[in-house]
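# Structural description and commentary
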Amino acid sequence: KVDLGGSAFASVLKVVKFKEYVDLIQCLEAAVDLAADVSGGKLIIDVIGNGGGSVLTGYLMNTYLYSRMPGSTMRHPHQACEWYDLALNDELGWFVELSTQ
């Protein structure tokens, strides 16, 4: 739990490596529950200095967290991708379009 100032707090989940998603999901569930209990649902994911690992695990983590945020408009896993993850060329544009259907 960290003090954000002005009587606002957030819980922090430190991710040191993106191993298999099955290894991370228990930590995610516990962090979400803890954040709901002690910081009004505010959760900071600290990935500074992490050792890398599975990109898929990172995307699955985003999907899990974004889909459970109150008021989230996320309805599909591809919405967890950042702008730089989407193809900006014609050769891969069809793939991005297909993934959104």
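As a reminder, the structure under discussion sits directly above these lines.
Since the model is a prediction, treat every value here as computed from it, not as a measurement. (Residues numbered from 1 in each chain as written. Predicted model: local features only at pLDDT ≥ 70, side-chain atom pairs only at ≥ 80, totals over all residues. Heavy atoms only, no water.)

Judged by side-chain polarity, V2, L4, V12 and I44 come together as a nonpolar surface patch covering roughly 290 Å² of accessible area. Here V12 is to be found in strand β2 (residues 8–14). For V12, a relative accessible area of 37% puts it in the partly exposed group. (Patch = residues over 30% accessible without salt bridge, like charges linked within 9 Å, V, L, I, M, F, W, Y side chains within 5 Å. Areas by Shrake-Rupley, 256 points an atom, 1.4 Å probe, with all protein chains shown as cover. Salt bridge = Lys/Arg side-chain N within 4 Å of Asp/Glu carboxyl O. Helix = DSSP H or I, 4+ residues; strand = E, 2+ residues; numbered from the N terminus. Buried < 20%, exposed > 50% of the residue type's maximum accessible area, 1.4 Å probe, protein only.)

Applying the stated criterion to the full structure yields one salt bridge. Here D46 makes a salt bridge to K14, at a shortest N to O gap of 3.5 Å. Placement of the pair is D46 in strand β3 (residues 43–46) and K14 in strand β2, with a sequence separation of 32 residues. Judged by relative accessible area, D46 falls into the partly exposed class, the value being 24%.

Before going further, it helps to spend a moment on helix α2 (residues 55–67). An ideal rise of 1.5 Å per residue puts 18 Å on 13 residues; α2 measures up with 18 Å between its terminal C-alpha atoms. For α2, the complete set of buried residues consists of T57, G58, M61, N62, T63, Y64 and L65. Contacts from the buried residues of α2 go to α1 (21–38) and β3. Near the N-terminus of α2, the side chain that reaches the backbone nitrogen of L56, with its oxygen 3.3 Å away, is that of S54. (Expected span 1.5 Å × (residues − 1). Contact = heavy atoms within 4.5 Å. Polar contact = N/O pair within 3.5 Å; in protein donor to acceptor, adjacent residues only side chain to side chain.)

Phi at S7 is positive, roughly 60 degrees, even though this residue is not glycine. Considering the arrangement of structural elements, one finds S7 in the loop between β1 (2–5) and β2.

Right, let's get into the packing of aromatic side chains. What the rule picks out here adds up to zero aromatic pairs. Over the ring of F9 we find K1; its NZ or CZ atom is 4.6 Å from the centre of that ring. (Phe/Tyr/Trp six-rings, centres within 6.5 Å; stacked < 30°, edge-to-face > 60°. Lys NZ or Arg CZ within 6 Å of the ring centre and 35° of its normal.)

Formed by L13, V15, F18, L24, I25, L28, A31, M61, Y64 and L65, the largest nonpolar core amounts to ten residues. Among the elements of the structure, α1 and α2 are those that each provide at least two residues to this core. When residues of this core are assigned to their parent elements, the largest contribution, four residues, is made by α1. In contact with Y64, other than residues within four places in its own chain, are Y21, I25, L28, E29 and V32. (Core = buried A, V, L, I, M, F, W, Y, C linked by side-chain atoms within 4.5 Å.)

Any functional reading would require information beyond the geometric quantities listed.
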